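# Descriptive structure summary
The residues making up each chain are set out below.
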Amino acid sequence: MRFIQAGLKDQRKSILSDINWEPRRGDCWAILGANASGKSSLARLICGELKVSSGKFLEPPNSCLWVSLESQQALYEKELYLDETDLSDKIDEGRSVRTLMEEIAPWSTEHDNILHTLHLDHLVESGYRRLSSGEARRVLIARALLEKPELLILDEPFEGLDQSNNELLHSALNRLVAAGQWLILVVNQTLDIIDRCRHIALLDKGTIAFQGPRPATLEEVWQQLNQHKDGVPPLPERDPEFQLPAWPRDKALINLQNGFVQYDEFFQFREFNWQLRPGEHTRIIGPNGSGKSTLLGLITGDHPQCYRNNLKVLGFQRGSGESIWQIKKHIGYVSGTLHRDYRASASALSVIISGLTDTIGIYSDIGQKEKSLALHWLSILDLEDQASTPFRSLSMGQQRLLLIARALIKQPPLIILDEPTEGLDDFNRFYVLSIVEKLIEAGESTLLLVSHRQDETLGNLHALLEFVPSTEPNTRFSIQHSTY
């Protein structure tokens, strides 16, 4: 496969230009680059989803599959289209993993082997929409392996995986390359490059800034991008409308008594007693599918079992006639689920403003005050030139940055970040964490942070909630609370 002076344009600007690249069949390459550098566009070009605007594309692969955050979103939306909840007496959780695998080929021992390799065999009868983000990602990879493409392109395959499954996938991909699979990894972080990946291509603003054998250290390669930020600029002033007036420091923001979530005869977790007071910034960890996002869903009101629990959030007892907006007004929230469900037609500016109304999209007139505030956040994220760009036209990393700004725009008393940096390059990842740290240092916001990344932590975290396998019958996980 070779590119000769290949370029790609859309109606507004050049996406890729002067791509000269000759990856040989059977080699494993890693494509690195900052968000919006053109990595995913190059992957789609290779797989034939996009056509070159200039130059020539010679010797394309006989078959190619691109597995990405975008393809994961596409499958989720297909499952939504097939939703039959209104036609049955229970919630449709989507087609099972078994059905999705049989869609590729009739069941065989190969299915069992692939699912076992990716630690999915215990989920074979689970509905796709019930899976965690990391589990859903591995299902897509399993389907791709079953199709046996000549070239497999995995775009951010390790995003959202817990440490155990991250190591498992690294090992599986190393074995795959050793067996002769032609593989290209599209990654934001050098830690995601597998051992058997011997070649590196670095994209910067749509051009290849470096390509060749993998160097002993990639620090000098990354420095070519010169993307380091000089610190977080001043944040906007807080709007009193979204704050909790005269809230005592010893009064719990969240009070959960004997908390539980139950599916049929099994409990995801139960008998969990927890209080979160102002300033008790807490990290939540645990394996994929353990219930971290489920716990957050109880707090935000997005999980239906919140009303079965003895739960008080920001002074409101769940199920006492409170409005969901009375609570969400004081919460900033971002998650993979929100990203997946944010399918409204909206500009980048509108997405950030929607954080003020806790809606997906804008359904009322926007005042100058709201526009100015959102523009301030766009400036903080260095995305001012994207203000009028449609949300769905941006890269997944840029979309995630906007949703983070949407969560922070109110600078609310409670900030809930569920894998907030998924899809971000290292520069933006740590820059976003610096913004969050600066915000909570002011002392008016309390943070709940879910992250699988070992290097994603904040100096002022107070407590840890850890989901661990339960020894109790019919209970999958228990939650352990500790302080730093």
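Keep in mind it's a predicted model, so treat the numbers as computed, not measured. (Residues numbered from 1 in each chain as written. Predicted model: local features only at pLDDT ≥ 70, side-chain atom pairs only at ≥ 80, totals over all residues. Heavy atoms only, no water.)

## A few points about the side chain of histidine 111
Note the threshold: Put simply, DSSP marks the helices as runs of H or I at least four residues long and the strands as runs of E at least two long, and each gets a number from the N terminus on. Any two residues whose heavy atoms approach within 4.5 Å at even a single point are treated as in contact.
Along the chain, the position of histidine 111 falls in helix α4 (residues 109-117). When near neighbours in sequence (up to four residues on either side) are disregarded, histidine 111 contacts Met101, Ala105, Pro106 and Leu146.

## Examining the sheet that holds strand β11 (residues 266-276)
Paired through backbone hydrogen bonds, the strands of a sheet run either parallel or antiparallel to each other. Selection criterion: Whether two strands pair depends on DSSP finding at least two bridges between them. Each axis is a line fitted through C-alpha atoms, and for a helix only the stretch in contact is used; angles between axes span 0 to 180 degrees, taken between their N-to-C directions.
If you trace the four strands from one edge of the open sheet to the other, you get β11-β10-β13-β14, paired in antiparallel fashion. Every interior strand has two partners, whereas the edge strands, β11 and β14 (316-317), have only one. For strand β13 (residues 310-313) and β14, the ladder comprises two bridges, and the chain directions are antiparallel. Looking at the pairing, valine 313 lines up with phenylalanine 316 of β14. The strands touched by helix α8 (residues 292-300) are β10 (254-263), β11 and β13; relative to β10, the strand with the most contacts, the crossing angle is about 125 degrees.

## A few points about helix α1 (residues 39-46)
Stated precisely, the cut-off is as follows: Only protein chains enter the accessibility calculation, which uses a 1.4 Å probe; a residue is then buried when its area is under 20% of its type maximum, exposed when over 50%, and partly exposed in between.
In terms of burial, α1 is largely enclosed, as six of its eight residues are buried. Among the residues making up α1, those that are buried are Lys39, Ser41, Leu42, Ala43, Leu45 and Ile46. Note on α1: the residue one or two positions beyond its end, glycine 48, has a positive phi of about 85 degrees.

## Here we look at helix α14 (residues 426-441)
This is how it is decided: Given a helix with a known number of residues, its expected span is that number minus one, times 1.5 Å. As used in this structure description, the phrase polar contact means that two N or O atoms lie within 3.5 Å; if the pair is within protein, one of them must be able to donate a hydrogen and the other to accept it, and residues adjacent in sequence are counted only when both atoms belong to side chains.
For α14, built from 16 residues, the straight-helix expectation of 22 Å at 1.5 Å per residue is met to within 8% by its first-to-last C-alpha distance of 22 Å. Along α14, the residues that are buried comprise Asp426, Phe427, Asn428, Arg429, Tyr431, Val432, Leu433, Ile435, Val436, Leu439 and Ile440. Backbone nitrogen of phenylalanine 427 and a side-chain oxygen of the N-cap are separated by 2.9 Å at the start of α14; the cap is aspartate 425.

## Quick notes on the packing of α4 against helix α5 (residues 133-147)
Rules: Small angles under 35 degrees read as roughly parallel and large ones over 145 as roughly antiparallel, with 65 to 115 read as roughly perpendicular and the rest as oblique. By definition, turning the near helix anticlockwise from the far helix through less than a right angle yields a left-handed crossing, and turning it clockwise yields a right-handed one. Gly falls in the polar group here, along with every residue not listed as nonpolar (Ala, Val, Leu, Ile, Met, Phe, Trp, Tyr, Cys, Pro) or charged (Asp, Glu, Lys, Arg).
At a minimum axis distance of 10 Å, the contact between α4 and α5 shows a crossing angle of 140 degrees. Here α4 is positioned oblique relative to α5, judged by the angle of their axes. As for how α4 packs across α5, the hand of that crossing is right-handed. On α5, the residues that touch Glu110, His111, Ile114 and Leu115 of α4 are Ala142, Leu145 and Leu146. Taken together, the residues of the contact of α4 with α5 break down into five nonpolar, one polar and one charged.

## Considering the packing of aromatic side chains
Defined as follows: Centres within 6.5 Å are what make two rings of Phe, Tyr or Trp a pair, Trp counting through its six-membered ring; a difference in plane orientation under 30 degrees is then read as stacked, over 60 as edge-to-face, and the rest as tilted. In our convention, an over-ring charge means Lys NZ or Arg CZ found within 6 Å of a ring centre and within 35 degrees of that ring's normal.
Per the stated rule, a full pass over the model turns up five aromatic pairs. Between the aromatic rings of phenylalanine 260 and phenylalanine 267, the centroid separation amounts to 6.2 Å while the plane-to-plane angle is 75 degrees, which identifies the pairing as edge-to-face. According to the relative accessible area criterion, phenylalanine 260 is buried, its value standing at 17%. Above the plane of the ring of tyrosine 76 lies arginine 340, whose end atom (NZ or CZ) is 3.8 Å from the centre.

## Thoughts on the sheet that holds strand β17 (residues 446-450)
Here six strands make up an open sheet; going across it, the order is β15-β16-β17-β12-β18-β19 and the pairing mixed. Pairing within the sheet leaves two strands with one partner each, and these edge strands are β15 (331-334) and β19 (477-483). Ignoring strand direction, the axes of neighbouring strands in this sheet form an average angle of 15 degrees. Seen against the sheet, α8 touches β12 (282-285), β15, β16 (414-418), β17, β18 (463-469) and β19 and runs at an angle of roughly 150 degrees to β16. On the sheet, helix α13 (residues 396-408) packs against β15 and β16 and is oriented at approximately 165 degrees with respect to β15.

## So, the packing of helix α2 (residues 69-81) against α5
Two elements in contact, α2 and α5, have axes whose closest approach is 10 Å; the angle formed by their N-to-C orientations is 95 degrees. Taken together, α2 and α5 sit at an angle that is classed as roughly perpendicular. Every residue of α5 that contacts α2 at Leu69, Ser71, Gln72 and Leu75 is listed here: Ser133, Ala136, Arg137 and Leu140. The residue inventory of the contact of α2 with α5, partitioned by class, reads four nonpolar, three polar and one charged.

## Some points on unusual backbone geometry
Most peptide bonds are trans, and most residues other than glycine sit at a negative phi. Phi angles above zero are rare outside glycine, and histidine 119 is one such case at about 60 degrees. Mapped onto the elements, histidine 119 comes out in the loop between α4 and α5. The phi angle at aspartate 382 is positive, at roughly 60 degrees, despite the residue not being glycine. In this fold, aspartate 382 is placed in the loop between α12 (368-380) and α13.

## A short note on the pairing of β17
For β17, a buried count of five out of five residues is recorded, marking the element as mostly surrounded by other parts of the structure. Where β12 meets β17, three bridges bridge the pair, whose relative direction is parallel. Looking across to β17, one finds that arginine 283 is bridged to leucine 449. With five bridges connecting them, β16 and β17 associate as parallel partners. For leucine 417, the partnering residue across the bridge sits in β17 and is leucine 449.

## Considering the side chain of serine 37
Inspection of the secondary structure assignment puts serine 37 in the loop between β3 (28-33) and α1. Judged by its relative accessible area of 3%, serine 37 is buried. For serine 37, the side chain forms a polar contact with the main-chain oxygen of alanine 34, separated by 2.7 Å. The contact partners of serine 37, leaving out residues within four places of it in the chain, are Leu203, Asp204, Lys205 and Gly206.

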